[in-house]
Amino acid sequence: MDRPANNQIAIDQSKKRKTKLDSQSKIFKGRGNLVTLLSKTTVNKVIDAILLCMRKIIRTELADKQFSIQVDSTQDIGAEDQALFLRYVVNSEIKERLFSVLKVNDSSGKESFDGAANMRGESNGLRAHIQKENPKSVYVWCYAHTLNLCICDTCSNIAAINLSGLLNRLSTFFSESYKRMDIWKKKQEQEKALKWKFKGDDNLYATVISALDYVIMTCGTFDSKTSSEAISLRDKLCEFQIILTAHLFLNIFSTVGLTSTYLQSSNLNLLSAWEMVEKTIKHISTINFEDIFNEAEQFSEQMNNSLEDLKLSENVIVECELPQPRIRSKNELPMNCVEMKLHLM
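**Concerning the overall build of the protein**
So, point 1. The secondary structure content of the protein amounts to 14 helices and 3 strands.
So, point 2. In the protein, buried positions account for 27% of the 345 residues.
So, point 3. Sequence-distant contacts, at least 24 apart, represent 51% of the contacts inside the protein between residues at least 6 apart.

**A closer look at unusual backbone geometry**
So, point 1. The phi torsion at N91 lies on the positive side, around 50 degrees, for a residue other than glycine.
So, point 2. With respect to the helices and strands, the residue N91 is situated in the loop between β2 (84–90) and β3 (93–100).
So, point 3. The exposure class assigned to N91 is exposed, which follows from its relative accessible area of 74%.

**Description of the nonpolar core**
So, point 1. L170, Y205, I209, L212 and L237 are the most contacted members of the largest nonpolar core, which totals 40 residues.
So, point 2. Elements with a minimum of two residues in this core: α5 (143–154), α6 (158–175), α9 (205–217), α10 (224–237), α11 (240–263) and α13 (289–308).
So, point 3. The contacts of L212, once residues within four sequence positions are left out, are L170, F173, F174, A230, L233, R234 and L237.
So, point 4. If you look at the next biggest cluster of nonpolar residues, it comprises 5 residues, including I58, L86, Y88 and V90.

**A word on the pairing of β2**
So, point 1. Side-chain alternation along β2 places L84, L86, Y88 and V90 on a buried face and F85, R87 and V89 on a face that remains uncovered.
So, point 2. When β2 meets β3, the two strands line up antiparallel, connected through 7 bridges. Paired with L86 across the strands is R97, a residue of β3.
So, point 3. With antiparallel pairing between neighbouring strands as the criterion, β2 and β3 make up a hairpin whose turn holds 2 residues, including N91 at a positive phi of roughly 50 degrees.

**With respect to the packing of aromatic side chains**
So, point 1. In this structure the tally under the stated criterion is 5 aromatic pairs.
So, point 2. Here F173 and F174 contribute two aromatic rings whose centre-to-centre distance is 5.3 Å and whose plane-to-plane angle is 90 degrees, an arrangement assigned as edge-to-face.
So, point 3. Ring geometry for F240 and F293: centres 5.3 Å apart, planes at 70 degrees, overall edge-to-face. Placement of the pair is F240 in helix α11 and F293 in helix α13, with a sequence separation of 53 residues.
So, point 4. Ring pairs connect the aromatic residues F240, F289 and F293, which therefore count as one cluster.
So, point 5. The ring of F99 has R55 lying over it, and the distance from NZ or CZ to the ring centre is 4.3 Å.

**Thoughts on the confidence of the model for the protein**
Do not read the fine detail of predicted coordinates wherever pLDDT is low.
So, point 1. On average, the protein scores 76 in pLDDT, and the residues at 70 or more come to 69%.
So, point 2. Across residues 189–196, where pLDDT falls below 50, the model places 21 contacts with residues more than four positions away in sequence or in other chains.

How each quantity is defined
- Residues numbered from 1 in each chain as written.
- Predicted model: local features only at pLDDT ≥ 70, side-chain atom pairs only at ≥ 80, totals over all residues.
- Heavy atoms only, no water.
- Helix = DSSP H or I, 4+ residues; strand = E, 2+ residues; numbered from the N terminus.
- Buried < 20%, exposed > 50% of the residue type's maximum accessible area, 1.4 Å probe, protein only.
- Contact = heavy atoms within 4.5 Å.
- Core = buried A, V, L, I, M, F, W, Y, C linked by side-chain atoms within 4.5 Å.
- Pairing = 2+ DSSP bridges.
- Phe/Tyr/Trp six-rings, centres within 6.5 Å; stacked < 30°, edge-to-face > 60°.
- Lys NZ or Arg CZ within 6 Å of the ring centre and 35° of its normal.
- pLDDT = per-residue confidence, 0-100.

Right, here's the structure in full:
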């Protein structure tokens, strides 16, 4: 008899026992000795068993071969960074194995591999600490990571921060509530960040606006906080500044995204990689902001036409131009008041 069948028999017998005890009006704390195999003790034992199996595989594959350590941080539900990997080669195949899960208390080079500054710092970076232990260790740049860092630098301006923050808020708004997600699914079954919201005839921009407006107009279904957030997201999506920034990054990502993905592939060809990098640099240097501005204007006009066919609020209008900047004026005292003040002094 296999193990899953044995487990099911134990659970069934436990249920019968608990039913019998309940009929005798006996009170027990917790599950009343009901076997569910879901207690933290059982789960921890399963995790420990998986850990032993993983490390046994690592020992078998690694033997006396050389290996490198890779520490990568990923936040769990408790917002704690943790993860330790071993990287090595077996029969010309690269292996990356999870070795341990650790709580990261220090993000400096002494404990963390995360962040370019932590990696390359000559005094306190991870490279410096490793080279103190082994002066012959070699520090190798990851050019895919370098490219991603360049993109991150371009996203440090206010317009890019507003766009990325808006996309994150949209994702959270619909995903954190099954009621809102249900509305989204009724409007559209699939969604994909920038491309599907701002690009092509099948973009989801009008769908997102419609879903948000439905949340706003459905009185009594959602609380005031949810409705307020929906109003903020809808109005923000209608801003021309957001639309223009989105089209700018779509133009950049159309080439950079492919290059970044290829640089991180396992079967990378150095010549092809070099050609893709050169092509990416050339593409970025030829980006014409006026063309992107015109594309954004046309998109706004098309979306306004699309929204007219939907039964939305009358104040849902997509902006087609940038707002005029406001300059704060200083309040100046009239000359007679200035003269009076000088006279009193």
